[in-house]
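For reference, the chains in residue letters:
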Amino acid sequence: MKVILNVDVKSLGEEGDVKNVANGYARNFLLPRNLAVPYNEATVLMFEARRAEIEARKEQKRKDSASLKEKLEGTTVEIVMPAGANGKLFGAVSANVISEALAKLGFEIERKRIDIPGSAIKSVGNYKAVIKLYEAQTAEVHIVVKAQEVEETKAAKPAKSSKPKAEKAEKPAEKPAETTEAAPAEAGEDAAN
């Protein structure tokens, strides 16, 4: 079915675009939500009258994405994560982590729009991520992944694990004493029978 989009629809198109979609998708999703209208002479004339308004909005989006591109390319995102002595991270820097770091810097970027080479960063170093902006525009963001202080992570781990080991060592010492006392009593009963 041929439709004209009333608003921007992710993964389909922008306002005013003419698209061929499945009949069920149009009848059950696009038309009831007023996201699109059927393609016919009346709707084509209506959109032709709004063409200048739609183009002005698209031009504004292009300008906004160009200014966002300049800001993003001038930004360096610094991420600190726990890492081993060889620089390998205990985990990975994903698009979600980068999106959260950008949010702290004042940029609201969806994680789906962030493209990391190799899908995730797994070691300390300098990297570049590509962010998809409006239409074909993209921005490269510099990412610096640093290792968290090793002393902090080592000091926190032994303190947690030392207490449970001491308690476990005391409990097994008590159990063998009980079983040795019960064993002779049971042996005496077996001899009596």
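Residues numbered from 1 in each chain as written. Predicted model: local features only at pLDDT ≥ 70, side-chain atom pairs only at ≥ 80, totals over all residues. Heavy atoms only, no water.

Draft legend 1. Quick peek at the environment of Val37. Mapping Val37 onto the fold places it in strand E3 (residues 36-38). Accessibility expressed as a relative area gives 13% for Val37, which makes it buried. The sequence separation of Val37 and Val18 amounts to 19 residues, and the corresponding C-alpha distance is 9.8 Å. Not counting residues up to four positions away in its chain, the partners in contact with Val37 are Val3, Ile4, Asn6, Leu31, Thr43 and Phe47. (Helix = DSSP H or I, 4+ residues; strand = E, 2+ residues; numbered from the N terminus. Buried < 20%, exposed > 50% of the residue type's maximum accessible area, 1.4 Å probe, protein only. Contact = heavy atoms within 4.5 Å.)

Draft legend 2. View of the sheet that holds E3. In spatial order, the strands read E2-E1-E3; together these 3 strands make up an open sheet with antiparallel pairing. At either end of the open sheet lies a strand with only one pairing partner, and these are strand E2 (18-20) and E3. For this sheet, the mean angle separating the axes of adjacent strands, direction not counted, is 40 degrees. Judged from the 3 bridges that link them, strand E1 (residues 2-5) and E3 form a sheet pairing that is antiparallel. When the bridges of E3 are listed, Ile4 appears paired with Val37. The sheet contacts of helix H2 (residues 41-49) involve E1 and E3, and relative to E1 the element is tilted by about 25 degrees. (Pairing = 2+ DSSP bridges. Axes fitted to C-alpha atoms, helices over the stretch in contact; angles between N-to-C directions.)

Draft legend 3. A look at empty space enclosed by the protein. For the structure shown, the criterion picks out 1 cavity of 30 Å³ or more. Counted as a void, the largest cavity has a volume near 40 Å³. Looking at the largest cavity, the residues that line it are Asp8, Glu14, Glu15, Ile54, Arg57, Lys58 and Lys61. Residue composition of the lining of the largest cavity, by class: 1 nonpolar, no polar and 6 charged. (1 Å grid on protein atoms, 1.4 Å probe; cavity = no way out; pocket = protein on both sides within 12 Å on 5 of 7 lines; lining within 4 Å. Points joined across faces, edges and corners; volume = space filled by probe spheres on them. Nonpolar A, V, L, I, M, F, W, Y, C, P; charged D, E, K, R; others polar.)

Draft legend 4. Just the packing of aromatic side chains, in detail. The final tally for this structure, using the stated rule, is 1 aromatic pair. The ring of Tyr39 has Lys2 lying over it, and the distance from NZ or CZ to the ring centre is 4.5 Å. (Phe/Tyr/Trp six-rings, centres within 6.5 Å; stacked < 30°, edge-to-face > 60°. Lys NZ or Arg CZ within 6 Å of the ring centre and 35° of its normal.)

Draft legend 5. The side chain of Ser65, seen in detail. On the secondary structure map, Ser65 appears in helix H3 (residues 51-73). You can call Ser65 buried: its relative accessible area is 5%. Among all residues touching Ser65, those that are not within four sequence positions of it are Leu133, Tyr134 and Gln137.

Draft legend 6. View of the layout of surface pockets. Its boundaries defined by the atoms lining it, the largest pocket holds a volume of some 570 Å³. Every residue lining the largest pocket is counted, 18 residues in all, and those nearest its centre are Lys10, Arg113, Leu133, Tyr134 and Glu135. Ranked by residues supplied to the lining of the largest pocket, first place goes to H3 with 4 residues. Tallied by class, residues from the lining of the largest pocket come to 5 nonpolar, 3 polar and 10 charged.

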